[in-house]
Amino acid sequence: MANLEELRGKIAAIREEIRKETANLQDSKAVYELKKSFLDKSGRIGQLMRYMKDVDPSQRAEFGKNVNALKDWALEHFNSMDEEMRRREVQAQYEREKIDITMPSHRRTAGNLHPVTQVRNQLIDIFSGMGFEIFEGTEVENDYYNFTALNTPKDHPARDMQDTFYLSPDFVLRTQTSAAQIHVMENEKPPIKILSPGKVFRSDDDATHSPMFSQMEGLVVDKGITLGDLQGMLDVFVKKVFGDETRTRLRPSFFPFTEPSVEVDVSCFECGGKGCNFCKHTGWIEILGAGIVNRKVLENCGVDPDVYSGLAFGIGIERVAMLKYGINNIKQLFESDLRVLEQINDK
Ligand SMILES: [Zn+2]
């Protein structure tokens, strides 16, 4: 027979043990583990019930009451420990994640549009203001639209394999945005006034040429269109891009799809036309090619050349960007060097 006094001693010892052990716990996980070791069925308190059979039957109820009291006390003790630990843990987390709102922030540098995109947008803006509509053609063209319809005969040097990327005998990567003219004239009746920006491709590679570059083609077809209209539009364009002092001049040139054809020069915006290194001491800088649309091209598209005439111009967007921002190697426009790109931000 177990003595009830003796068992009460065990109960008191367990209570003392719980007090002692919980005093040193550091976190809620440790509280949980310790709680299990005392309160699980096989835990130290649960095990006390094993003594029940050894207790004098008249004292069993008393012993059971004592064990239950210990259990209730232990449960409450562990729960309040747990609560305290969690409160401390949350507090510690707040401390860890505290943000000092008085600290200066890191400055984030905002990106800006690529110089070629900036120029492209500016050109679109200028010509839209003159009533041009945007028509984007396709980068893959067939031989007919890229050459034949533009009055570029089979034996023309521009069709040489050296200059053109052929995808197949019939298909090419367009060498000029002029191809878009044909699509528009085939599908629309004059008056036509379109601007066609896009990438073009030529197997050409040096400081001022890249195998891929961007052009912007302008086409106007209506009754009575002359070179005077062309020069008027281009005057507006160069003044807006290079400054109000800038003048234009036309020089005779040759393109198969225009007749007459002209190269358009602008007065040097570095020296104002006096002559400097930038303009190779001529006072002028070549900026684009243009002309009056060749009668044959109009005919090819079903437009009567005796009723209508047209003007066309092709602007190299990288060329304008290089002139405008003083870039002397076209590669700088494709290398994505932030030191260069960061300096060019008109907006
Ligand atoms: Zn100059």
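Residues numbered from 1 in each chain as written. Predicted model: local features only at pLDDT ≥ 70, side-chain atom pairs only at ≥ 80, totals over all residues. Heavy atoms only, no water.

### Examining helix α10 (residues 317–325)
Threshold: Under the scheme applied here, a residue whose accessible area is under 20% of the maximum for its type counts as buried, over 50% as exposed, and between as partly exposed, the area being computed with a 1.4 Å probe on protein chains only. Put simply, DSSP H or I for four residues or longer makes a helix, DSSP E for two residues or longer makes a strand, and each gets a number counted from the N terminus. Contact definition: two residues touch when any of their heavy atoms are within 4.5 Å.
Most of α10 is tucked away, with seven of its nine residues classed as buried. What α10 keeps buried is the set I317, E318, V320, A321, M322, L323 and Y325. Against the buried residues of α10 lie α5 (115–129), β5 (212–222), α8 (227–242), β8 (284–293) and β9 (309–316). Downstream of α10 by a residue or two, G326 has a phi angle that is positive, lying close to 65°.

### Some words on the layout of surface pockets
In this approach the atoms are scanned with a rolling probe the size of a water molecule, which exposes any empty space left behind. Stated formally: A pocket here means an open set of points on a 1 Å grid, computed over the protein atoms alone, that has protein on both sides within 12 Å along at least five of seven lines. A cavity is instead a set of points where a 1.4 Å probe fits but cannot get out; residues with an atom within 4 Å of a point line either one. Grid points are joined across faces, edges and corners, and a volume is the space filled by probe spheres set on the points. In this count, Pro and Cys sit with the nonpolar residues alongside Ala, Val, Leu, Ile, Met, Phe, Trp and Tyr, while Asp, Glu, Lys and Arg are called charged and the others, Gly among them, polar.
Approximately 240 Å³ is the volume attributed to the second largest pocket. Lining the second largest pocket we find 16 residues, and of these V116, R120, G198, K199 and S214 sit closest to its centre. Elements with a minimum of two residues in the lining of the second largest pocket: α5, β4 (192–201), β5 and α10. Looking at the lining of the second largest pocket, its residues break down into five nonpolar, five polar and six charged.

### Notes on the environment of Q176
Rules: Identification of polar contacts relies on pairs of N or O atoms within 3.5 Å, with a donor-acceptor requirement for protein atoms, meaning one able to donate a hydrogen and the other able to accept it, and with residues adjacent in sequence counted only if both atoms are side-chain atoms.
Counting through the fold element by element, Q176 comes out in the loop between β3 (171–173) and α7 (179–187). Taking C-alpha positions, Q176 is 7.2 Å from Q215, a pair spaced 39 residues apart along the chain. A distance of 2.8 Å separates the side chain of Q176 from the backbone oxygen of N146, its partner in a polar contact.

### As for the coordination of the zinc ion
Angles at a metal have ideal values that depend on geometry: 109.5 degrees with four tetrahedral donors, 90 or 180 degrees with six octahedral donors. Rules: Nitrogen, oxygen and sulfur within 2.8 Å of a metal are treated as its donors, or within 3.2 Å for sodium, potassium and calcium (Na, K, Ca); water is not counted, so a site can appear incomplete. When four donors show all angles between 85 and 135 degrees the site is tetrahedral, when four or six donors have opposite pairs over 155 degrees and all other angles between 65 and 115 it is square planar or octahedral respectively, and in every other case it is irregular.
At this site the zinc ion is bound by C268 (SG), C271 (SG), C276 (SG) and C279 (SG), with donor distances of 2.2 to 2.3 Å. One way to put it: the four donor atoms around the zinc ion meet at angles of 102 to 112°, and that makes the site tetrahedral. Read from N- to C-terminus, the donor residues coordinating the zinc ion fall into the pattern C-x2-C-x4-C-x2-C. With respect to burial, C271 and C276 carry one shared label: buried.

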